[in-house]
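# Structural description and commentary
So you can see what is in the structure, the chains are spelled out below.
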2 protein chains.
Amino acid sequence: MLLAPRLAVFLPVWLFLSEVGAKVPRVAHPGSKQAKYLASKRPQTTTAQVSGSFTGSGWSASAPEVSAPYANVWQELSNDEAADVIAFLHNQTDLNLTAAADAGSWDNSIMRVEILTPNKTDVLPFVDNDQREPPRWARAAVWVGATIEPYVIEYQIGPLPISSDSVLTSLDWLTTKGTTYQRNYDADEDLTSEFMYNVSSSVQDIVTDLLNGTASGSDDDDLDIWGIDPLWHPTPDTTVQWVTFWRIPSSIFDGETLMPQGLYFEVNTTGRDPSGWSVIGWLYRDVYYNSTESFRAAWEAGELEKSTLNLEGPWIGSDYRGPTTKVGENSTMWASEKAPPVMVPPSGEDGIRYKVDVDNKYVEWMDFSFYVAFRRDSGVRLFDIRYRGERIVYELGLDEALAHYAGNDPVQSGTAYLDTYYGFGPYAFELLAGYDCPTYATFLNSTFHADEVSTTHPNSICLFENDQGYLIQRHSDDAYVASTKNIAFTVRSASTVGNYDYNFDYTFYLDGTIEIVVRASGYIQSAHYYGNDDYGYHIHSGLSGSMHDHVLTFKADIDILGTSNSFANHTVAPVTTSYPWSHGMERSTMKLFRSYLDNEDNAKLFWPGNAHSMFMVVNKDAPNEFGEPRGYRIMPSKGSGMHATIQNSSNLLNSMNFATHALYVTKQKDTEPRASNANNDYDTANPVVDFAAFFDGESLDQEDLVVWFNLGMHHVPHTGDLPNTVFTTAQGSMLILPHNYLLHDPSRDSRQTVRLDYNDSGVQAVHTFGADFSNGLVNLSSVVPDFWAYRGDIDVRKFPYDPQHPYNDTESIV
Amino acid sequence: MLLAPRLAVFLPVWLFLSEVGAKVPRVAHPGSKQAKYLASKRPQTTTAQVSGSFTGSGWSASAPEVSAPYANVWQELSNDEAADVIAFLHNQTDLNLTAAADAGSWDNSIMRVEILTPNKTDVLPFVDNDQREPPRWARAAVWVGATIEPYVIEYQIGPLPISSDSVLTSLDWLTTKGTTYQRNYDADEDLTSEFMYNVSSSVQDIVTDLLNGTASGSDDDDLDIWGIDPLWHPTPDTTVQWVTFWRIPSSIFDGETLMPQGLYFEVNTTGRDPSGWSVIGWLYRDVYYNSTESFRAAWEAGELEKSTLNLEGPWIGSDYRGPTTKVGENSTMWASEKAPPVMVPPSGEDGIRYKVDVDNKYVEWMDFSFYVAFRRDSGVRLFDIRYRGERIVYELGLDEALAHYAGNDPVQSGTAYLDTYYGFGPYAFELLAGYDCPTYATFLNSTFHADEVSTTHPNSICLFENDQGYLIQRHSDDAYVASTKNIAFTVRSASTVGNYDYNFDYTFYLDGTIEIVVRASGYIQSAHYYGNDDYGYHIHSGLSGSMHDHVLTFKADIDILGTSNSFANHTVAPVTTSYPWSHGMERSTMKLFRSYLDNEDNAKLFWPGNAHSMFMVVNKDAPNEFGEPRGYRIMPSKGSGMHATIQNSSNLLNSMNFATHALYVTKQKDTEPRASNANNDYDTANPVVDFAAFFDGESLDQEDLVVWFNLGMHHVPHTGDLPNTVFTTAQGSMLILPHNYLLHDPSRDSRQTVRLDYNDSGVQAVHTFGADFSNGLVNLSSVVPDFWAYRGDIDVRKFPYDPQHPYNDTESIV
């Protein structure tokens, strides 16, 4: 999907365009081999009727129903709402819109429409005090191409449903820059791509000699061309980019990012007139050539030693391989073909222990309840997470995902993805039941609206209970054994943003804890090894596992017994001190030191060494009966909460201020709903939302607080990342856990506990507290995945609105 | 079990003694109410025949058998071996031994016998080069009580089986002190206990007034007395201890450590003559009284304000409670009685995917194999962990567990448990199938030999596969979805050392990773709240959740392609630099810096802030074909690898040098097999093994390396720790993971992977690579726990040896 209106002409062509070119579609060519390969797999009609039933709200009949206490005010626009908004926009003649399907890069068109998340200060009176429901508003991103300085701009439209009262107004109030206006310095991607292929063709003899392939824009190309993201602007009006050659897989495997070829060129693509564009220089084996002519001269002089090429082979495939490799050939994997243990729901649908309001995406499990929402930029978000009837978290979700690379070559050095530019929503594909989630999970759909098409990912959010494989509580002595099962509830989605697959879990535990987990799998983006010794490992013939930092920034708007909260730091530290009883001797011991963050200026935090500080959101005015303020703590679990290595990135400039620390605390403001903006990528020196601007000295003493925390990893891929990174070692998680919140461990209130009393004569009594032990039969065919039920995305054209003819059409960033 | 020979007279009495007194049995009284309660549950005969079959080697018929490639040379002594060693010791007239069952504190007796772990340098020639099997030797700890300066000493006995060649020799070579001789400054625990009860009785009117109970040694006492561990030695020959009063639960619940009463006294118990013992002072509400008389005078003057008492109530019970508490009363826990999802083995015993040699405790799962051993001090240990036929870890196991408390009162301030003093082996009780481990797990027994009794914990080690609940690999695009199940194999045990339950997991993953997990549940040891504001939270009426550090030190003897290894540090760090292509501009970016630890003097390490360094054991001389040294990385996963807050503990002095840093690297030496010693607790200024002595400047360059790493938590218990700490938030884990070790991700060699090819017409092909999908029926009764099969420990008397009359008798530290 991407920002597809930047692509030209008509639907089938931009589909191809957005298919190719790794995470940088702007330099892909519609005629590339990969595009043709993909096109060959696509049915020729784009209006094929979707077979089977499609309700737009999921296949969740199995979970018991519950009525949400109030409507999901955060829910994405319905198909009808989106169509209404798009029609309304087309009626605004000032916008001079062309239908997306007909729009070229010199037209104005609608990039996307979405719900405008209502202000917290409007929602709370509705939810907590029975005030009127906040009116729904939409937001729209519009591409303005009919100008020499093309730009993107965002509007708000409402109230919905569209009526004579509905208006189109500015969204500038949501930015720190003061305007949503965002100049696009790379508006003509089709022409840029053509230009690059022309450059390549001009040295096709050299490319063929060095890389054993062609990148000319013709059908039988072996090589693709793309490079840095974001583009560089050495001066405010200049656009410069380094690109390189990548080998296009001939197999189905999506391994282009494993085959960089080690030849680079830099182009100046400033402005919209290709006649002014130029080649700045070439780089090969660490030697810079300041013109195509000097590069050619070196080649002709025989000065260019050939690098090892990264060629396709079984090594890029993720299929079962078997123990055939040279190293580690003693693999046996005895019995790996046998079905492994599998989790089953003991009582089938009758035994489901949670309730769902599918229409409102509202869920109740044990003592938790929450609403699920979905956004084009960030995917799944949760709202109004309550525990035992009290709100704990108002909003929880991803805000931005940075992947910052480094390298001796300009393409790796210049790459620093801000993934919400691409969006996690468009790539939150259907989950594979039995693999991504248990077969017995409840699956929900998700929808986004881009380029005047509404796309629904069926079964893209799953909800399930499972046993965590270890107890939550145990104690045994010589008289009894007490044990409580650790059953948890998970909301899961997965987004494949180009090469990487991100798995997102929100897991709820019986002790009142919420865990946020992100895991990474899929293909790494690699580098040609030449000269890159200091930037990664040599992992295949000519390949470097290009080092990079993943920093995923989450927003946790924590509310403890209302919105007047403080942020406490309780630190364990060594002290030397004497006591009334120590006979005058100093003792080397430790103490607990308690303090609060006073204001935002001090609220950029690191996790302390040796984990000796506890951070928590508490309500000072709501102490428990023993005088301790009730609160929820935030604590890294899997991996370490981390931040970016690079603090002043030459690529990201002012657009990575959310990644400089491990966590941040700010006062909640309706005007600061998100730490980043999808359009920041266009001009990183002048981001639409600069997170640093949130820190303006406001008090954090009994205010409405938001915690922004980072998960991620410093990823230096090694051979074990081939062909794909594994989730097991590439994961991070954060716990939001009760801290002096209740008066006892609430898992005591679950009946999934047992006590055996025993002595030397054996077990004397068994206490099971009313728990059922199902002992019927489970047919394992009920948990065998139905692979053939997997579908592509389901699309509905919006302008003209054609809801009766949905069609399957899935798009990824290849 | 403990060091029971320190207890006197005859078997039934010392059983009672070791039953009471939290983690400090030395101050418990045999006549206490708790002891009587427990005694009432014990059958009167100690020679009751164990019902059912008992093989001494487990109930593991279900796992397919395999023959270990060589005998488990690390395996604990068999019952027969232990009996032989004990008989041999009794034949050494120089030792002047009294049978343990008859021995008093002024006799000499055998504390414990155990296998002497063979030297690595003796084992490797046998295992790797078909040299002769190293002879088995035993070690024995002997209590020498028949002296005014009683001590403990250890010997080695061998070779086994006992023959005319067998000898008794010194074990001094295993110490850093140069001798295993360890003076015991608290040899007469029965008399110490009597003395303390006499002190309490001398102020019984005050105790009754202030604490509403009695601690007199009589049958109907409400209160128990015990205190610091280890004892203090203000001068080398002086023994001083602070003790306090604890309320004895009248219910079955083991919650004495939740009921401290806030009154403290200090006694001098130097030497073996109680007539020289004295009360040093009293402490109540932070006021110190330097004699019993001055304390009494203050009470008589009405100067003693009464503190809130910690009294028994349902709050100490771990049973199902239901939503009845005041705070959080909106709990519903809807459907918590319904059976939750449960993992099942799809094909029953026919489907088991691992093999076990039960006699040798040898296991093969997928591409891993290893031997399981068990030790009195540390519980489960793994040896010769191989992956694809190559040794990765020679030895992996717990070495010591520190729990260091702090407080305003002398008992919390003075408490710093070294838990191997008590031992993890004696308290590794039977695991509850269906709760601690899946019902389909393979269960092994474990045995230790103390006080001339061999005790077997049936089913105390479990082995099982399970699905980790998320994939190990996935990638999807618009043409295919590829997914691999994350099936892992776990070895689990749990030890309840007094109040705390430690769960230990060793988990093996398909990508070649090993994870070591420790979790804590059970009862906290708490403090009376008065004056303890700076040392913990106020969590119940008069209760402080006494702050403490858990530091669990593990030994990982990692071998990568032989024993010539180096320890690498690969650090990701920001740099500013220019490039041939950067037009003279400096760029803010990052690099990977590679270095090695040169020698032990630099080998005490912390995990760096922001996790920016990777630590790994590599073999420099075994690079892969791309020139990268093959290795295994060590990386914290759950929680943070941490170390103790206190660096120069007034309690532990020279006995916590393993806890000052996050991890350590040393050269492997046969004389340095363990970072600590169970007898260090007797005299912490002069430990038998001082870990600091391991660091003597030896080279770490291509040497045999051992990594010692710490897991744990800074635990400041809050209300959610009542009644028990929960595993979910009290856990830490470490990953030992391949790093440039193979040439690809080895999970590709598992058949539990699938690829779906699809397009807009639906799924076009399903690739399942020979994996079975069982679709028969599973009878859930097969996974319903059989609670009534739980047993106590099984004991066999050793001197005289009586193998035909095992009896059930489980002992815990209450």
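It should be noted that the structure appears before, not after, this text.
Every value quoted in this text rests on a predicted model; they were computed, and no experiment measured them.

Cut-offs applied
Residues numbered from 1 in each chain as written. Chains lettered and ligands numbered in written order. Predicted model: local features only at pLDDT ≥ 70, side-chain atom pairs only at ≥ 80, totals over all residues. Heavy atoms only, no water. Disulfide = S-S within 2.5 Å. Helix = DSSP H or I, 4+ residues; strand = E, 2+ residues; numbered from the N terminus. Buried < 20%, exposed > 50% of the residue type's maximum accessible area, 1.4 Å probe, protein only. Contact = heavy atoms within 4.5 Å. Buried area = accessible area lost by both parts, 1.4 Å probe. Salt bridge = Lys/Arg side-chain N within 4 Å of Asp/Glu carboxyl O. Polar contact = N/O pair within 3.5 Å; in protein donor to acceptor, adjacent residues only side chain to side chain. Nonpolar A, V, L, I, M, F, W, Y, C, P; charged D, E, K, R; others polar. Pairing = 2+ DSSP bridges. Phe/Tyr/Trp six-rings, centres within 6.5 Å; stacked < 30°, edge-to-face > 60°.

Let us look at the state of the cysteines. Residues and elements named next belong to chain A. This model, assessed by the stated rule, comprises 2 disulfides over all chains. Covalent S-S linkage joins Cys437 and Cys462, the inter-sulfur distance amounting to 2.2 Å. Disulfide Cys437-Cys462: the torsion about the S-S bond is -85 degrees, which places it as left-handed. Placement of the pair is Cys437 in the loop between strand 17 (416–418) and strand 18 (442–450) and Cys462 in strand 19 (residues 453–467), with a sequence separation of 25 residues. Judged by relative accessible area, which is 0%, Cys462 ranks as buried.

Our next topic: the interface of chain A and chain B. Listed by partner, the interface residues are 229 residues for chain A and 229 residues for chain B. Carbon and sulfur atoms make up 59% of the surface buried where chain A meets chain B, a total of about 19900 Å² over both sides. The three residues of chain A that bury the most area against chain B are A:Arg474, A:Trp581 and A:Asp760, which together make up 4% of that side's buried surface. Linking chain A with chain B are 8 salt bridges. In this structure, A:Asp319 and B:Arg755 form a salt bridge, with 2.8 Å as the shortest nitrogen-oxygen distance. In this assembly, chain A and chain B are joined by 111 residue pairs in polar contact (both at pLDDT 80 or more). The residue inventory of the side of chain A that touches chain B, partitioned by class, reads 96 nonpolar, 82 polar and 51 charged. Where strand 11 (residues 342–344) of chain A lies against strand 11 (residues 342–344) of chain B, 3 bridges are found, and the strand directions are antiparallel. For A:Met343, the partnering residue across the bridge sits in strand 11 of chain B and is B:Met343.

A few words on the pairing of strand 12 (residues 354–357) of chain B. Residue and element names in this part refer to chain B. The two faces of strand 12 match: Tyr354 and Val356 on one face and Lys355 and Asp357 on the other face are all buried. Summarising the sheet, strand 12 and strand 13 (residues 362–365) pair through 4 bridges and their orientation is antiparallel. Each residue of the ladder has a partner; that of Val356, found in strand 13, is Val363. Joining the antiparallel neighbours strand 12 and strand 13 is a turn of 4 residues, in which Lys361 adopts a positive phi near 45 degrees.

It is worth spelling out the packing of aromatic side chains at this point. Counted by the stated rule, this structure contains 104 aromatic pairs over all chains. With centroids separated by 4.6 Å and ring planes inclined at 40 degrees, the aromatic side chains of A:Tyr151 and A:Tyr181 adopt a geometry described as tilted. One end of the pair, A:Tyr151, is in strand 3 (residues 151–160); the other, A:Tyr181, is in the loop between strand 4 (167–170) and strand 5 (182–183), with 30 residues separating them in the sequence. Judged by relative accessible area, which is 30%, A:Tyr181 ranks as partly exposed. When the ring of B:Phe694 is compared with that of B:Trp708, the centres are 5.7 Å apart and the planes differ by 65 degrees; the resulting orientation is edge-to-face. Taken together, the positions of B:Phe694 in the loop between strand 34 (663–667) and strand 35 (705–715) and B:Trp708 in strand 35 put the pair 14 residues apart, joining distant regions of the chain. Overall, the relative accessible area of 1% leaves B:Phe694 in the buried class.

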